[in-house]
Amino acid sequence: MRAAVMGSPIGHSLSPCLHRAAYRAMGLGGWSYEAFECDEARLPGLLEELRPVRGQAGAGDDAWAGLSLTMPLKRAVLPLLDTVSEPAVEVGGANTVVFRDGRRHGDNTDVYGIEQALAEAGVPAPRSATVLGGGATAASALAALRNLGLYSATLLVRDRARAGETVAVAERLGVALAVETFDKLDACTGVDLVVSTLPGGAADAFAGRLARVPALFDVIYSPWPTEAAAAVTAAGGIVVGGFEMLLHQAVRQVQLMTGVAEVPVGAMRAAGEAEILRRSRMLRSGAESRNSLKSG
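Only a predicted model underlies this, so the values are computations on that prediction, with no experimental measurement involved.

A.B. asks: Looking at this structure, how should I read the overall build of the protein chain?
C.D. replies: Per the secondary structure count, the protein chain includes ten helices and twelve strands. For the protein chain, whose C-alpha radius of gyration is 20 Å, the value lies close to the compact-globule estimate of 19 Å for 296 residues. Along the three orthogonal principal directions, the C-alpha set of the protein chain runs to about 60 × 60 × 35 Å. Out of the 296 residues belonging to the protein chain, those deemed buried represent 49%. With the model as given, the accessible surface of the protein chain reaches about 13200 Å², and the carbon-plus-sulfur share is 52%.

A.B. asks: Before we go on, may I ask you to explain unusual backbone geometry in this structure?
C.D. replies: Across residues other than glycine, the phi torsion is negative in most instances, and most of the peptide bonds are trans. Cis geometry is adopted by the peptide bond preceding P223, which originates at S222 and carries an omega value of 0 degrees. The omega angle of the peptide bond from W224 to P225 is 0 degrees, so this bond is cis rather than trans. One can find P225 in the loop between β11 (215-218) and α8 (227-234). We note that D101 has phi near 55 degrees; this positive angle belongs to a residue other than glycine. Looking at the secondary structure, you find D101 in the loop between β5 (96-100) and β6 (103-107).

A.B. asks: Can you help me understand the pairing of β11 in this one?
C.D. replies: One face of the sheet, then the other: side chains in a regular strand alternate in exactly this way. Burial along β11 is two-sided: A215 and F217 and L216 and D218, pointing in opposite directions, are all buried. For strand β10 (residues 193-196) and β11, the ladder comprises three bridges, and the chain directions are parallel. Considered in β11, the bridge of V194 is made with L216. Pairing analysis gives four bridges linking β11 to strand β12 (residues 238-241), with the strands arranged parallel. Considered in β12, the bridge of L216 is made with V239.

A.B. asks: I keep staring at the sheet that holds β6 and nothing clicks. Help me out?
C.D. replies: Within a sheet, neighbouring strands are paired by backbone hydrogen bonds and run either parallel or antiparallel to one another. The strand order across the open sheet built from six strands is β2-β1-β3-β5-β6-β4, with neighbouring strands paired in mixed fashion. Looking at which strands have only one partner, the edges of the open sheet turn out to be β2 (32-37) and β4 (83-84). Relative to β2, strand β1 (residues 2-7) runs parallel, the two being bridged by six bridges. Among the inter-strand pairings, A4 is bridged to a residue of β2, identified as E34. Where helix α1 (residues 15-26) meets the sheet, its contacts fall on β1, β2 and β3 (64-69), and the angle it forms with β2 comes to roughly 170 degrees.

A.B. asks: Please clarify how the packing of helix α4 (residues 110-120) against helix α5 (residues 136-147) should be interpreted in this entry.
C.D. replies: For any two helices packed against each other, one specifies the crossing angle of their axes together with the interaxial distance. Between α4 and α5, the shortest axis-to-axis distance is 8 Å and the interhelical angle comes to 60 degrees. The angle between α4 and α5 places the two elements in the oblique class. At the point where α4 passes α5, the crossing takes the right-handed sense. Here D110, V111, I114 and E115 of α4 lie close against α5, whose contacting residues are T137, S140, A141, A143, A144 and N147. Of the residues assigned to the contact of α4 with α5, the class counts are five nonpolar, three polar and two charged.

A.B. asks: I tried to follow the packing of aromatic side chains on my own but got confused; where do I start?
C.D. replies: Each aromatic ring pair is described using two quantities: the centre-to-centre distance and the angle formed by the ring planes. Tallying each qualifying case throughout the model produces three aromatic pairs. Ring centres 6.0 Å apart and planes at 55 degrees place the aromatic pair F36 and W64 in the tilted group. Of the two residues, F36 sits in strand β2 while W64 sits in strand β3, which places them 28 residues apart along the sequence. Their ring planes at 15 degrees and their centres at 5.3 Å tell us that F182 and F206 sit as a pair that is stacked. Here F182 is found in the loop between β9 (176-181) and β10, whereas its partner F206 is found in the loop between β10 and α7 (207-210), with 24 residues between them in sequence. Classification of F182 as buried rests on a relative accessible area of 10%. Residue F206 is classed as buried on the basis of its relative accessible area of 10%.

A.B. asks: What is the right way to look at the packing of α4 against helix α9 (residues 242-258) in this model?
C.D. replies: Contact pair α4 / α9: the axes reach a minimum separation of 7 Å and the direction vectors enclose 125 degrees. When the axes of α4 and α9 are compared, the pair comes out oblique. Between α4 and α9 lies a crossing of right-handed hand. Of the residues in α9, those in contact with D110, Y112, G113, I114, Q116, A117 and E120 of α4 are E244, M245, H248, Q249 and R252. Grouping the constituent residues of the contact of α4 with α9 by class yields four nonpolar, four polar and four charged.

A.B. asks: Would you mind showing me how to read the pattern of salt bridges here?
C.D. replies: Side chains that differ in charge, positive against negative, can pair when their charged atoms come close. Evaluated as defined, the whole model comprises 13 salt bridges. When the shortest N-O distance is used, the salt bridge between R104 and E48 registers 2.9 Å. Of this pair, R104 sits in strand β6 while E48 sits in helix α2 (residues 43-49), placing them 56 residues apart in sequence. The class for R104 is buried, based on a relative accessible area of 16%. Look at E48 and you get partly exposed, because its relative accessible area is 41%. A salt bridge links D110 to K74; its shortest N-O distance comes to 2.8 Å. Here the residue D110 occupies a position in helix α4, and K74 occupies one in the loop between β3 and β4, the gap between them amounting to 36 residues. The exposure class of D110 is buried, given its relative accessible area of 5%. In the salt-bridge network here, residues are joined through shared partners; they are E48, R51 and R104.

Analysis parameters
- Residues numbered from 1 in each chain as written.
- Predicted model: local features only at pLDDT ≥ 70, side-chain atom pairs only at ≥ 80, totals over all residues.
- Heavy atoms only, no water.
- Helix = DSSP H or I, 4+ residues; strand = E, 2+ residues; numbered from the N terminus.
- Rg over C-alpha atoms; globule rule 2.2 N^0.38 Å.
- Buried < 20%, exposed > 50% of the residue type's maximum accessible area, 1.4 Å probe, protein only.
- Areas by Shrake-Rupley, 256 points an atom, 1.4 Å probe, with all protein chains shown as cover.
- Pairing = 2+ DSSP bridges.
- Contact = heavy atoms within 4.5 Å.
- Axes fitted to C-alpha atoms, helices over the stretch in contact; angles between N-to-C directions.
- Parallel < 35°, antiparallel > 145°, perpendicular 65-115°, else oblique.
- Left-handed = near helix turned anticlockwise from the far one by under 90°.
- Nonpolar A, V, L, I, M, F, W, Y, C, P; charged D, E, K, R; others polar.
- Phe/Tyr/Trp six-rings, centres within 6.5 Å; stacked < 30°, edge-to-face > 60°.
- Salt bridge = Lys/Arg side-chain N within 4 Å of Asp/Glu carboxyl O.

Bear in mind that shape data such as this cannot, by itself, settle questions of function.
Right under this line is the structure:
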């Protein structure tokens, strides 16, 4: 069977490492997992090229079992699917496509990944929360918080006018959402949990002001820890990193694609951590080489 991750850019994705580690540990020698660079414009055509899919007439052992989707495809894929799970409908995005009976079934495992990451870190169900950023991951975070029993939250964004899709998600979830801009950050951190869905360590600019929060979930996994995460840790708070979310959403994807409930989480975790370490060393080595050239 075949599977892959698609998105743009895709070169940084840890999904191949995680899924392949699962296949090895499960003894699925006939399974493969690839990575395809794909933007919204190319998505419809590429989906049509993936043939045969599992359950399709004449499909053999080399059929497509499923896909992992990253940005910018999670919302774009919805009209291209035959069925969509309730979690994916609620958050307005599918990060998983499972081929079954020759049809495309969309699901969202990001919500599950967030829930498992918080539980694993021992973060208690929050009574209040603030979410930084208004993209697809923020929508999944709101769904996870709702599932944990929180029906109100604050969303901090740079521009309220661009938060419309996330506000619509909150309405579908039944979550009362207050939308504020980042200049109101200090008034919005007296909460049990802050979830930062900001890209590339952007939350680091707020590190000093976030230090006092009891718990921080920062979706960044490399470089780690972020300045914001380090500040919260130093102040005695609980920190959850993006790798834990990525790991557990991948675990759920493997379950959906293979149909096997018992997935080797430990093997996937070890493979992912080793790959992150390898990339970190390469970045440091590259930086040292550039500095050496400059000084020479």
